[in-house]
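Residue-level structure breakdown
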Amino acid sequence: MDATLKLWLVIVVVGALNYASRLSFIAFFARRSVPAPLARALRYVPAAMLSALILPMVLPGPPLVLPAWPTPKIVAALIAGVVAWHTHSTLKTLGAGMLALWLLQAAYARIG
Amino acid sequence: MSVHRRAGCGAPRAGFSVQAPARGAPHPAVNRSVRHILDSQDFRDGFADMLPACVGLIPFGLVCGVGAVAAGASIWGALGMSAIIFSGAAQIIAAQLLAVGAPVAVIILTCVVAGLRFLMYSAAIAPYLRPLPPRWQQALAFLLTDQAFAAAIRRFDAGVNPRAGGLHFLGAGFALWLCWQITNVVGYFAGNLVPASWSMEFAVPLCFIALIAPHFKSAPQVGAGVLAGIAVVALDSLPMRLNLIAAGVIGILAGTAVELVQERWTRR
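What counts and how
- Residues numbered from 1 in each chain as written.
- Chains lettered and ligands numbered in written order.
- Predicted model: local features only at pLDDT ≥ 70, side-chain atom pairs only at ≥ 80, totals over all residues.
- Helix = DSSP H or I, 4+ residues; strand = E, 2+ residues; numbered from the N terminus.
- Buried ≥ 20, exposed ≤ 12 C-beta atoms within 10 Å, placed from the backbone.
- Domains from an automatic or database assignment.
- Contact = placed C-beta atoms within 7 Å.
- Nonpolar A, V, L, I, M, F, W, Y, C, P; charged D, E, K, R; others polar.
- Axes fitted to C-alpha atoms, helices over the stretch in contact; angles between N-to-C directions.
- Left-handed = near helix turned anticlockwise from the far one by under 90°.
- Arc of directions from axis to C-beta.

Regarding the overall build of chain B
- Counting secondary structure elements, chain B contains 12 helices and 0 strands.
- For chain B, the sequential pattern of α-helices and β-strands runs α-α-α-α-α-α-α-α-α-α-α-α.
- For chain B, with 268 residues in total, the buried portion stands at 50%.

And the structure:
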């Protein structure tokens, strides 16, 4: 298949299917009420889904492993979590997390 | 981020009364409505509130632009990916698989599996968007990304009315979309401007941490996060990154279970 055609086929089909995923339940529940047990469970979507997204970017891998000794990224992520919890500020979280990572990487390099 | 500060204040006439345009020339009412949306304080707050997260996403957008080059895309193909697919994870997967000449069906299936989390986001945000007209639901659905979703849920939970929350969501989603196009194009032409030794890719999880840490206020929310974290590592060997969606479901069930246990204890 022609490479350009293949690329645009992927763009259009993936774009359409991703949009269908995004619209799915918004459209479904537009005219129906959300059952109470489901509404209760859905309140945990942000905490569960974002935690699942964050860990693979913080832990060493792939394949994902829990190192015996915390890596700079793990410590920096914990520090950023505390800053985010207290300040609710994305900029402060970004600043604290990056600064912590750079300092820790330098320190780890020196220790060897 | 000033999420709670201006809850509920919006320009009084920035309504959701966007009329369908007549065929041909755009209906004057549409132009007026668009201006009212852009002028509304909630839209502008949403836009401004998302800018710090946009800064954190710059490295991710650059990587996606570089990926489009590797996939052999023209600038229009690269823009098509960032503007239409509008999902960093799906774009990177698509670019990698295109670069190695994988069959179209495999590429599409893998990208859609990575996008299954949008089903959960859609369900979780649906109760808040119910009062809005279908057109608004359809527009906001297009802007439903990890960041916009988490920010919108926080905003709605702070108790804003549906219209103010919708306008804020629209502003935040638009800021992300715009920033995404710019960073993807810069990445396409200039490559990855940031040296790898700076570890700027770490800004992406930091953005998510900033969005999610304020949710961890109760035992069930912490339980949901911890269990999802354990599950995503334990199920790492699943194909097509299905561990993400599985961990999400496990975390949701864990949060619900902790809440039920908590209720039973307090009732005694």
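Some details on the domain arrangement of chain B
Residue and element names in this part refer to chain B.
- Domain boundaries in chain B define domain 1 (9–194) and domain 2 (216–263).
- Of the residues lining the interface, 6 residues belong to domain 1; the matching set on domain 2 comes to 6 residues.
- Counting residues per element, the ones that place at least two in the side of domain 1 that touches domain 2 are α5 (104–114) and α6 (117–129).
- Ranked by residues supplied to the side of domain 1 that touches domain 2, first place goes to α5 with 3 residues.

With respect to the interface of chain B and chain A
- Listed as interface residues are 80 residues of chain B and, on the opposing side, 62 residues of chain A.
- Ranked by the residues each element gives to the side of chain B that touches chain A, the list is headed by α6(B), at 12 residues.
- For the side of chain B that touches chain A, a count of residues per class yields 57 nonpolar, 18 polar and 5 charged.

Concerning the packing of helix α3 (residues 75–85) of chain B against helix α9 (residues 162–190) of chain B
Residue and element names in this part refer to chain B.
- Where α3 meets α9, the closest approach of the two axes is 9 Å, and the angle between their N-to-C directions is 150 degrees. The handedness of the crossing between α3 and α9 is right-handed. Listed contacts from α9 to I75, A78, L79, S82 and A83 of α3 are W180, Q181, N184, V185 and Y188.
- Here the residues of the contact of α3 with α9 are counted per class, giving 7 nonpolar, 3 polar and no charged.

Observations concerning the domain arrangement of chain A
- Looking at the assigned domains, one finds that chain A contains domain 1 (1–43) and domain 2 (46–112).
- Centre-to-centre, using C-alpha coordinates, domain 1 of chain A lies 31 Å away from domain 2 of chain A.

Digging into α5(B)
- Regarding α5(B), the residues found buried are B:I107, B:T110, B:C111 and B:A114. The buried residues of α5(B) all sit within an arc of 95 degrees when viewed along its axis, so they share a single face.
- Tucked inside the fold, the buried residues of α5(B) contact α1 (3–28) of chain A together with α4 (88–99) of chain B.

What to know about helix α10 (residues 203–212) of chain B
- With 10 of 10 residues buried, α10(B) lies mostly within the body of the structure.
- Taken as a whole, α10(B) has its buried residues at B:A203, B:V204, B:P205, B:L206, B:C207, B:F208, B:I209, B:A210, B:L211 and B:I212.
- As for α10(B), its buried residues are in contact with α3 (45–58), α4 (72–87) and α5 (90–111) of chain A together with α2 (41–70) and α8 (146–157) of chain B.

Focus on the packing of α3(B) against α4(B)
Residues and elements named next belong to chain B.
- Two elements in contact, α3 and α4, have axes separated by 9 Å at closest approach and are oriented at 145 degrees. Every pair of crossing elements has a handedness; the one defined by α3 and α4 is right-handed. On α4, the residues touching M81, S82 and I85 of α3 are A90, Q91 and A94.
- Across the contact of α3 with α4, the residue classes tally to 4 nonpolar, 2 polar and no charged.

Considerations on unusual backbone geometry
- With a phi close to 55 degrees, A:H88 is a non-glycine residue in the positive phi region.
- Examined against the element boundaries, A:H88 turns out to sit in the loop between α4 and α5.
- Judged by local crowding, A:H88 falls into the partly exposed class, with 18 C-beta atoms found within 10 Å.
- A positive phi is found at B:F86, a non-glycine position, where the angle reads about 50 degrees.
- Within the element layout of this structure, B:F86 appears in the loop between α3 and α4.
- Using a count of 23 C-beta atoms within 10 Å as the deciding quantity, one classes B:F86 as buried.

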